[in-house]
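Residue-level structure breakdown
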Amino acid sequence: MNIIEIGGLTKKFGDFAAVDNMSLTLKEGEIFGFLGANGAGKSTTISMIASLLRPTKGEIKFLGKNIAKNAHFAKMNIGMVPQDLAIYEDMSAYENVRFFAGLYGFRGGELKARVEEALSFVGLGDKQKELPKNFSGGMKRRLNIACAIAHRPKLIIMDEPTVGIDPHSRNYILQSVKELNRMGCTILYTSHYMEEVEEICTRIAIVDHGKIIADGTKEQLKAIITDSKEIWIDVKSVEGLNQEQLKEIRGVLSVRIEEQRIKIQSRAEIGNLNDIVQQLIRDGMEIRAVEEQAPNLETVFLTLTGRNLRD
Amino acid sequence: MNTLHIAKKEIVTALRNKSTFIFMLAFPIALMLILGLALSNAFSGSVEIDDIKMAYKIDQASPALAAGWQSFADAAEESGVTIEALPPGQDGKQAVKEAQYAAYAEVSDQGIDFYDNSRSTIESNILQGMLTSFADRYNLVAAYANAGASSPASDAGQTSVQLVKTSSLTPDSKPNSMDYYAIAMTTMIALYAALSSASLIESERSRHTIVRLSAAPVSKTEIFAGKVLGGTVINAIFIVAVMLLSHFAFGANWGDHPGHVLLVLLTEVVMAVGFGLAAGMIFRNKASQSFLLIFIQIASFVGGAYFPVDDFGGFIGAISYYSPLRWNNSGVMQTVFGGDTSAALWAACYNLAGAAVLLAICMFLIRRRETI
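This is a predicted model, so every value here is computed, not measured.

**Digging into the interface of chain A and chain B**
- At the junction of the two partners, chain A supplies 28 residues and chain B supplies 22 residues.
- In this assembly, chain A packs against chain B so that about 2400 Å² is buried in total across both faces, 58% of it on carbon and sulfur atoms.
- On the chain A side of the contact with chain B, A:Leu52, A:Tyr88 and A:Leu103 bury the most area, a combined 27% of that side's loss.
- Inspection of the chain A/chain B interface yields 1 salt bridge.
- Taking the shortest distance from any N to any O, the salt bridge between B:Arg16 and A:Glu95 comes out at 2.3 Å.

**Side note on the domain arrangement of chain B**
- Under the domain assignment used here, chain B contains domain 1 (2–44 + 174–368) and domain 2 (52–147).
- On a C-alpha basis, the centroid separation for the pair domain 1 of chain B and domain 2 of chain B is 34 Å.

**A few points about the confidence of the model for chain B**
Residue and element names in this part refer to chain B.
- Here chain B averages 82 in pLDDT, and 85% of its residues register 70 or above.
- This stretch, residues 149–172, has a pLDDT under 50; its non-local contacts, to residues over four places away or in other chains, come to 36 contacts.
- Two summary scores accompany this predicted model of the complex, namely pTM at 0.74 and ipTM at 0.81.

**A look at the sheet that holds strand E10 (residues 211–216) of chain A**
Residue and element names in this part refer to chain A.
- The strand order across the open sheet formed by 6 strands is E6-E7-E8-E3-E9-E10, and the pairing between neighbours is mixed. Two strands close off the open sheet at either side, each with one partner strand: strand E6 (78–81) and E10. Each strand axis lies, on average, 15° off the axis of its neighbour in the sheet, ignoring direction.
- Sheet topology places strand E7 (residues 155–159) next to strand E8 (residues 186–190); 5 bridges connect them, and they run parallel. Its bridge partner lying in E8, Ile156 is registered against Ile187.
- Against the sheet, helix H1 (residues 42–49) contacts strand E3 (31–35), E6, E7 and E8, and its axis sits at roughly 150° relative to E7.
- Against the sheet, helix H5 (residues 137–149) contacts E6 and E7, and its axis sits at roughly 165° relative to E6.

**Observations regarding the side chain of A:Asp208**
Residue and element names in this part refer to chain A.
- On the secondary structure map, Asp208 appears in strand E9 (residues 203–208).
- In this structure the side chain of Asp208 is engaged in a polar contact, spanning 3.2 Å, whose partner is the side chain of His209.
- Among all residues touching Asp208, those that are not within four sequence positions of it are Ala40, Ile213, Thr305 and Arg307.

**Remarks on helix H4 (residues 108–121) of chain A**
Residues and elements named next belong to chain A.
- The end-to-end C-alpha distance of H4 is 20 Å, a good match for the 20 Å that 14 residues give at a rise of 1.5 Å each.
- Three or more residues of H4 are buried, namely Leu111, Arg114, Val115, Ala118, Leu119 and Phe121. Here the buried residues of H4 occupy an arc of 160° about the axis, which is enough to place them on one side.
- Buried-residue contacts for H4 involve helix H3 (93–102), H5 and helix H6 (167–182).
- Two residues or fewer past H4, Gly123 is found with a positive phi of approximately 80°.

**Thoughts on helix H10 (residues 273–282) of chain A**
Residue and element names in this part refer to chain A.
- Along H10, the residues that are buried comprise Ile276, Gln279 and Leu280. The arc enclosing the buried residues of H10, seen along the axis, measures out at 100°, which places them on a common side. In H10, the exposed positions that point more than 90 degrees away from the buried face belong to Asn274, Ile281 and Arg282.
- Buried-residue contacts for H10 involve strand E11 (228–235), helix H9 (243–247), strand E12 (252–258), strand E13 (261–267) and strand E14 (287–293).

**Description of the nonpolar core**
- Ranked by size, the top nonpolar core spans 87 residues in total, and within it B:Met54, B:Trp69, B:Ile83, B:Met185, B:Phe224 and B:Trp254 carry the most contacts.
- No other element matches the 12 residues that helix H13 (residues 258–283) of chain B contributes to this core.
- Two domains each put at least three residues into this core: domain 1 (2–44 + 174–368) and domain 2 (52–147) of chain B.
- When neighbours within four sequence positions are excluded, B:Trp254 is seen to be in contact with B:Ala182, B:Ile183, B:Thr186, B:Met243, B:Ser246, B:His247, B:Val261, B:Leu265, B:Val332 and B:Val336.
- The next biggest cluster of nonpolar side chains, apart from the first, holds 59 residues, and it includes A:Ile31, A:Met139, A:Val197 and A:Ile204.

Conventions we followed
Residues numbered from 1 in each chain as written. Chains lettered and ligands numbered in written order. Predicted model: local features only at pLDDT ≥ 70, side-chain atom pairs only at ≥ 80, totals over all residues. Heavy atoms only, no water. Contact = heavy atoms within 4.5 Å. Buried area = accessible area lost by both parts, 1.4 Å probe. Salt bridge = Lys/Arg side-chain N within 4 Å of Asp/Glu carboxyl O. Domains from an automatic or database assignment. pLDDT = per-residue confidence, 0-100. Pairing = 2+ DSSP bridges. Helix = DSSP H or I, 4+ residues; strand = E, 2+ residues; numbered from the N terminus. Axes fitted to C-alpha atoms, helices over the stretch in contact; angles between N-to-C directions. Polar contact = N/O pair within 3.5 Å; in protein donor to acceptor, adjacent residues only side chain to side chain. Expected span 1.5 Å × (residues − 1). Buried < 20%, exposed > 50% of the residue type's maximum accessible area, 1.4 Å probe, protein only. Arc of directions from axis to C-beta. Core = buried A, V, L, I, M, F, W, Y, C linked by side-chain atoms within 4.5 Å.

Okay, structure coming up:
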């Protein structure tokens, strides 16, 4: 069953369309990745699903019911993990979760049980009485999640839940996302970290300029760009590199430089590696390593949008 | 239920905040102490009842009213207030302007016209309270007489003329500097509720918790009502604490009508909370704090928080009437020192009217926004 159905969704701020006639479905039980660069329209779409913003046009259905007309039902069943930490630093971890869970109508013993369950789930069961201002960044992120899951929502929207935390906490959160999914929650997950999306998402949509430009499993997305490949060449220094000459080599689609690494996207069927290496030698490059990359999500994203995810 | 849930959170977090205690409790008490004690000698508003003089003229009054007035004047004289019949040919209003008298009353069957000198706020408040009390009692007797019923006093064997008495001012109920500053600081700190209220909603925005609140099944009205209720209750707690502390620690006189005094102060708090919320929503963040701080300081200065405003004339004197502190101080002082509870009710009405307008502005702004 579809948990979310979006049809013809548009959100305009003045003349600017942040979301432009978007259509999308999320099935129950999915971990759905929402990929897009800053300003692509991800957060606006998420905000409309969470009833924080009203669409200019189009509709969103949650479990078959129009969200605009059934906001209370939708809100009762959706949990929101905002990108920015949304917790009270002057209230203990327990009080934070209790306050937000209390907004969903829980009281007394049931409220207490749900708060303890949520805190235990994110690994803060033994930190209940502590103030978040004494927490590490990762612990605050986990508390941010606990505040969103205590009412046991069917859909959890996670907007960049791992920003700025250590690898250990990130791993904990990713495992928690998987565990929540195993427990029956559908997850709508946005991230700037492509590897996270690849690791946990069962389906992915790429958003650009307010539209969904590709949607499918990661295998399906990678299959879109079977006609291109990426060549990574590590050099001692890129000083003196003539990018224009490289781009003129037959089959080369684009050239990017990341520190001492030259990333060349090329058409897959053309064997031009020898020409590329010769050109680099002519430019005085000292080559350290050459690697031909299989298409990954980053390549897909770059091919489809023409820019990096972190642009 | 969610309104109470949100209000409870506001109260609990405010009570944990040490700076709230310092600002809402220690600050007014310290000012009360400093101003009330250090300036007691220089405090011209420390009025001795013996110093108060009022002139009157009786014009076309019935014998009953004339007798009643005389009874009132005698009772007031016993308390030390000098009430003099205006010498023939003298202009009473001019005499008040020239500060020969604190007030002037023209008594007739059509009513009592009372003229006071705005430079003698405390004296005129006391006299106004005494006169209102007299008029209320006289009207009561007149109503009994018109209805042909026996008055309670007549039942006790007294004549109706004897009934027309004002309550005598007891020698102890003269306002000294501590009494004045207890009232002035309490009404001032009630207005300061605006400052903390400005961040009630805006702080949710800066902490990003507004996203969670808006994503929860809670209406914007419930969130707003919870904030108003929480802000009002927490400030009301501190106002009552200041009153009690000033009474028990400094012996400040809060009169015989504490319910009416509380009504004035609580309605002032509601108005201040509405004012703070509106300023917070219009100016956002620090700009609202600066605006409120400037407004409250000016309102406090011209409203009589730091010294009686009797000496103000001209422009400052004129704008002082627009300071919420002026009408609240006046309402409380007339109630405490003159026993005029109607003054408290008027002040409460002004406060509630102001609160209604300000809260309506807030609701209008909230409805225009997509998220609160």
